[in-house]
Amino acid sequence: MIIAIDGPSGAGKSTVAKAVAKQLGFSCLDTGAMYRSIAWKAIDEGVSFEDSENLGRIARECPIEFGIEPGEVLPRKVYISSIDVTDAIRTAEIDKAVSPVSAEPLVRRALVDQQRRIGETGNYVVEGRDIGTVVFPQAEVKVFLTASPEERAHRRVRQNADRGLGSIDYDEVLADIIRRDKVDSSRSDSPLKPAEDSVSIDSTSTYIEDVIDRICQLANERMDA
Ligand code: DC
């Protein structure tokens, strides 16, 4: 079974995807981390974000892997070409770089292929922007998770502090979220939009536990059907 969770950044997709996966005994796949890893590798290799061919080459040739730490049940570590980029892909530099990189059709094609191959190996909660619309249109459960830009900015500021990645400016984060929403929703290839058959959940003022319960309930209903 595939549970697709799409929505803008900061809507709570990662937290919710991990909790749902744990509760149901599924694995989970963070596709945003894959686009972030390509952006990191492009910067590392000095490849311009306008260089479609080389961005596509990186996405096709540099393997992305997820690692499970001892004592954990879900993957947390991210590697590209065997380099640990778990923390390096969460910086403000990558936040900015990832939109143009993820808008590149050659990058999308290569990563969507990888995502489908991974999803075929078992039960997955897959989070991203185009999972229910493009990657797994046949997903048994499709959720579109949203929250207000202001709430998402607050969450990102708290998340960075919790991860020990230093403090970031709320206004800058909010401006970046609004800018990225626009780029992600208006790009021609696989724009961010709810699948027609998705269930929309607004997490602005809903307890995250209730969001998790609702998605598990949807999955259980499908499993029983
Ligand atoms: O979920 P995130 O913030 O880590 O995603 C990083 C970027 O990757 C974001 O700008 C949108 C893009 N992305 C995408 O285009 N398609 C996906 N399936 C996942 C993420």
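Residues numbered from 1 in each chain as written. Predicted model: local features only at pLDDT ≥ 70, side-chain atom pairs only at ≥ 80, totals over all residues. Heavy atoms only, no water.

A. The arrangement of the nonpolar core in detail. With 34 residues, the main nonpolar core has Ile38, Ile64, Ile80, Val107, Leu111, Val126 and Phe136 as its most contacted residues. Listed by contribution, the elements that provide at least two residues to this core are β1 (2-6), α2 (31-45), α3 (52-61), β4 (77-80), α4 (92-102), α5 (105-119), β6 (124-128) and α6 (131-135). Ranked by the residues each element gives to this core, the list is headed by α2, at 7 residues. Residue contacts for Leu111: discarding those within four places in its chain leaves Met34, Tyr35, Ile38, Ala59 and Ile64. In this structure, Ala21, Cys28, Ile212 and Ala219 belong to the second largest nonpolar core, which totals 22 residues. (Core = buried A, V, L, I, M, F, W, Y, C linked by side-chain atoms within 4.5 Å. Buried < 20%, exposed > 50% of the residue type's maximum accessible area, 1.4 Å probe, protein only. Helix = DSSP H or I, 4+ residues; strand = E, 2+ residues; numbered from the N terminus. Contact = heavy atoms within 4.5 Å.)

B. Seen up close, helix α9 (residues 208-224). In this model, α9 (17 residues) spans 24 Å end to end at C-alpha, consistent with the 24 Å of a helix rising 1.5 Å per residue. Those residues of α9 not exposed but buried are Val211, Ile212, Ile215, Cys216, Leu218 and Ala219. Seen along its axis, α9 keeps its buried residues to an arc of 155 degrees; they face one direction. Residues of α9 that are buried sit in contact with β1, α1 (13-24), β7 (141-146) and β8 (199-202). (Expected span 1.5 Å × (residues − 1). Arc of directions from axis to C-beta.)

C. View of unusual backbone geometry. In this structure, Ser81 is a non-glycine residue whose phi angle is positive, near 50 degrees. By secondary structure assignment, the location of Ser81 is in the loop between β4 and β5 (83-84). One non-glycine residue, Ser82, lies in the positive phi region at around 65 degrees. Within the element layout of this structure, Ser82 appears in the loop between β4 and β5. A residue is classified by how much of its surface remains accessible, and Ser82, at 62% relative accessible area, is exposed.

Function cannot be inferred from these measures alone, as they are strictly geometric.
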